[in-house]
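Chain by chain, the residues run as shown.
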Amino acid sequence: MATPGTGEEEACPAQRLLKLLSGKWKAEIFRLSTDGPLRFNSLLRQIPDSNKQSLSVALREMEAEGLLQKETLQQKPLHIEYQLTEKGRQFIPVFQQLEKLV
């Protein structure tokens with residue numbers, strides 16, 4: 001296992017995923033994104049008690065971590081979708097195992 005504070009990756013994928021998903025709504029966003037692309041307003045409806053600001057922050061952070069990618073669809077009106085990146089898809093089996101433990 002890596003020494004804390006050295007910048008090295010943790011040896012345990014579950015520990016790395018838990019760190020990436022810490023924060024309000026991130027685990028729920030990740031769970032919903034395993035089913036396919038997500039739209040912002042759809043997330044607002046699917047996550048009870050969520051609000052625009054907290055969802056925006058979580059989505060930006062997940063995008064910065066490389067878990068989600070944002071795509072603007074050139075339709076009228078414009079639509080923005082979020083979907084898992086390759087890095088995000090690699091964590092799906094780890095996430096599913098963690099879900100089974102709860």
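Further up the page is the structure itself.
Peer 1: Explanation requested: the overall build of the chain in the structure shown.
Peer 2: Helix and strand counts for the chain stand at six helices and three strands. The secondary structure elements of the chain, listed N-terminal to C-terminal, are α-α-β-α-α-β-β-α-α. Principal-axis analysis of the C-alpha atoms places the extent of the chain at approximately 50 × 30 × 25 Å. Buried residues in the chain amount to 35% of all 102 residues. Considering only intrachain contacts with a sequence separation of at least 6, the fraction spanning at least 24 residues in the chain is 47%.

Peer 1: Just to check I follow, could you spell out the nonpolar core for this structure?
Peer 2: Considering soluble globular proteins, one finds that nonpolar side chains tend to be buried as a cluster. The biggest cluster of nonpolar side chains holds 24 residues, and the ones touching the most others in it are Ile 29, Phe 30 and Leu 43. The biggest single contributor to this core is helix H4 (residues 52–64), with four residues. Ignoring sequence-local partners within four residues, the contact set of Ile 29 consists of Leu 38, Leu 43, Ile 47, Leu 55, Ala 58, Leu 59, Met 62 and Leu 68.

Peer 1: What should I look at first to understand the sheet that holds strand S1 (residues 38–39) in this one?
Peer 2: Within a sheet, neighbouring strands are paired by backbone hydrogen bonds and run either parallel or antiparallel to one another. Read from one edge of the open sheet, three strands run S1-S3-S2, paired in antiparallel fashion. The open sheet has two edge strands, S1 and strand S2 (68–73), and neither has a second partner. Inspection of the sheet shows S1 paired to strand S3 (residues 79–84) by two bridges, in the antiparallel sense. In the strand pairing of S3, Leu 38 is matched with Tyr 82.

Peer 1: Whenever I open this one, the pattern of salt bridges confuses me. Can you help?
Peer 2: Charged atoms that come close allow side chains of opposite charge to pair. The final tally for this structure, using the stated rule, is four salt bridges. Close ionic contact of Glu 61 with Lys 26 constitutes a salt bridge, the shortest N to O distance being 2.7 Å. With Glu 61 in helix H4 and Lys 26 in helix H2 (residues 26–33), the pair connects residues that are 35 residues apart, well separated along the chain. For Lys 26, a relative accessible area of 8% corresponds to the buried category. Of the charged contacts, one joins Glu 86 and Arg 89 as a salt bridge, the two residues approaching to 3.1 Å between their closest N and O atoms. Of this pair, Glu 86 and Arg 89 both sit in helix H5 (residues 86–90), three residues apart, roughly one helical turn.

Cut-off values and rules
- Residues numbered from 1 in each chain as written.
- Predicted model: local features only at pLDDT ≥ 70, side-chain atom pairs only at ≥ 80, totals over all residues.
- Heavy atoms only, no water.
- Helix = DSSP H or I, 4+ residues; strand = E, 2+ residues; numbered from the N terminus.
- Buried < 20%, exposed > 50% of the residue type's maximum accessible area, 1.4 Å probe, protein only.
- Contact = heavy atoms within 4.5 Å.
- Core = buried A, V, L, I, M, F, W, Y, C linked by side-chain atoms within 4.5 Å.
- Pairing = 2+ DSSP bridges.
- Salt bridge = Lys/Arg side-chain N within 4 Å of Asp/Glu carboxyl O.

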